[in-house]
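Breakdown of the fold
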Amino acid sequence: YAKTLLNQKNPCMRMQFYREEASPYAVGTIFNTVKFCDYYGFQYRALRGDTAHLLKIETDCSRQSGGQLKTRIDAFSETLGAKRMNDMKAPAAGYFAGVDSGSASTDAVIIDSGLNIIGSAVLSTGAGASFAAEKALEEALSMAGLERDALAGIVTTGYGRETVGVSDNSVTEITCHARGAHFLCPEARTVIDIGGQDSKVICMDENGNVTGFVMNDKCAAGTGRFLEMMARTLGMSLSEMSERGLDWKEEVTISSMCTVFAESEVVSLIAENAPARDIIRGLNMSVAARTVSLVKRCGGAAPFVMTGGVAKNRGVVRALEEKLSSDIIVPEEAQLCGALGAALTAASE
């Protein structure tokens, strides 16, 4: 589907192939629109009553969006056709690994047949996703005191899941973050994952099954990369930035929706001698506002759990709690959640 969509000559397939009919065998519907150019909004409104079996994607028909588009379609397919959590097999004997190949970091987790984490690693992905995946897996195995041949199964997830070449199977990060989050926090119903290049909100039922998800995958604003750029502009580390924004005095609004323009706003505020702590507070609230809009689109509800690297940023977590008027659970293994979900998938296959 992604290949057909991104390689067509006409920007809108419905101009050539549109058909008004429903298949009796369909288990889900992908409603595709061209961003800012949708003449079929009335059709989407008619379909919205069955949101669990409906995926809306907006594209600008650029080939650069192929990876994100594939992730969304794969995750939707997994949601429709994957085994439900309460139907999963009991873990087999042995050890299992999950590797999360993300844009910013590559994480690995080793679990035993009792589903205990016995090894883990978090490395910077850098310029080589395959090398980072091998290295992370090697470090996690070393921590567990195991050799590679002791593993009964390996599952990869993340944007590099199908290209790193270390696994028996690959599953999208939507499914893996939901599975890992449910394992760590069974009471959670909404997962908030702010990653290096995108943000995701995943809604789950009481068994941990994905009932819906939304992604911000077209812009770096509100992601981990956004925070990295702002920390660099302010001349501090991400860990320092995480703490400095907690002790703010005056509200500062970062109004730009674009990372580049937001950086220009920060530079202007620095020139006006605005305190760094107030600027950071404004940045945290900007990230929170974008994320909460995703929560609303997904229909997310408490209890909330936060996963991914940005979960370590106390300022962002506090800003989200203010915007949501709810506490957010941040497990100790928040950054490992995707890799943990992949390992749990390997154990149940």
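Residues numbered from 1 in each chain as written. Predicted model: local features only at pLDDT ≥ 70, side-chain atom pairs only at ≥ 80, totals over all residues. Heavy atoms only, no water.

1. Details of the packing of helix H7 (residues 224–234) against helix H10 (residues 276–298)
- The contact between H7 and H10 brings their axes to 12 Å, and the two run at 170°. As judged from the angle between their axes, H7 and H10 are roughly antiparallel. Where H7 abuts H10, its residues Phe226, Leu227, Met230 and Leu234 lie against Ile279, Ile280, Leu283 and Val287. (Axes fitted to C-alpha atoms, helices over the stretch in contact; angles between N-to-C directions. Helix = DSSP H or I, 4+ residues; strand = E, 2+ residues; numbered from the N terminus. Parallel < 35°, antiparallel > 145°, perpendicular 65-115°, else oblique. Contact = heavy atoms within 4.5 Å.)

2. Here's the deal with the pairing of strand E9 (residues 199–204)
- Burial analysis of E9 places 6 of its 6 residues in the buried class, which makes it a mostly covered element.
- Residues of E9 alternate between two faces, with Ser199, Val201 and Cys203 on one and Lys200, Ile202 and Met204 on the opposite face, all of them buried.
- Here strand E8 (residues 190–194) pairs with E9 via 5 bridges, running antiparallel. Of the residues in E9, the one forming a bridge with Val191 is Ile202.
- As judged from the 6 bridges shared by E9 and strand E10 (residues 210–216), these two strands associate in the antiparallel manner. Bridge pairing in E10 links Val201 to Val214.
- Hairpin connection between E9 and E10: a loop of 5 residues separates the two successive antiparallel strands, and Gly208 in this loop has a positive phi of roughly 85°. (Buried < 20%, exposed > 50% of the residue type's maximum accessible area, 1.4 Å probe, protein only. Pairing = 2+ DSSP bridges.)

3. Some remarks on the side chain of Arg161
- Inspection of the secondary structure puts Arg161 in the loop between strand E6 (151–157) and strand E7 (169–170).
- At 3.5 Å, the side chain of Arg161 forms a polar contact with the side chain of Thr71.
- What Arg161 contacts, discounting residues up to four positions off in sequence, is Lys70, Thr71, Asp74, Ser101, Thr156, Ser167, Ser170, Val171, Thr172 and Glu173. (Polar contact = N/O pair within 3.5 Å; in protein donor to acceptor, adjacent residues only side chain to side chain.)

4. Quick notes on the pattern of salt bridges
- Throughout the structure, instances matching the rule amount to 13 salt bridges.
- The partner of Asp74 in a salt bridge is Lys70, and the shortest N-O contact between them spans 2.6 Å. Placement of both Asp74 and Lys70 in helix H4 (residues 66–81) is noted, with a separation of 4 residues, approximately one turn of the helix.
- Residues Asp193 and Lys200 are paired through a salt bridge, measuring 3.0 Å at the closest nitrogen-oxygen approach.
- When its relative accessible area of 5% is taken as the criterion, Lys200 is described as buried.
- What you see here is one network of salt bridges that share partners, running through Lys70, Asp74, Arg161 and Glu173. (Salt bridge = Lys/Arg side-chain N within 4 Å of Asp/Glu carboxyl O.)

5. Considerations on H10
- Between its first and last C-alpha atoms H10 spans 33 Å; for 23 residues at 1.5 Å apiece the expected length is 33 Å, and the two agree.
- In terms of burial, H10 is largely enclosed, as 17 of its 23 residues are buried.
- Gly299 occupies a position one or two residues after H10 and carries a positive phi of about 75°. (Expected span 1.5 Å × (residues − 1).)

6. Comments concerning the sheet that holds strand E5 (residues 117–124)
- Spatial ordering of the open sheet is given by E5-E4-E3-E6-E7, a layout of 5 strands whose pairing is mixed. In this open sheet, the two edge strands, each paired with only one partner strand, are E5 and E7.
- Summarising the sheet, strand E4 (residues 105–111) and E5 pair through 7 bridges and their orientation is antiparallel. When the sheet's bridge partners are listed, Ile111 is paired in E5 with Ile117.
- Its contacts with the sheet put helix H12 (residues 337–348) on strand E3 (95–101), E4, E5 and E6, and the angle it makes with E3 is roughly 140°.

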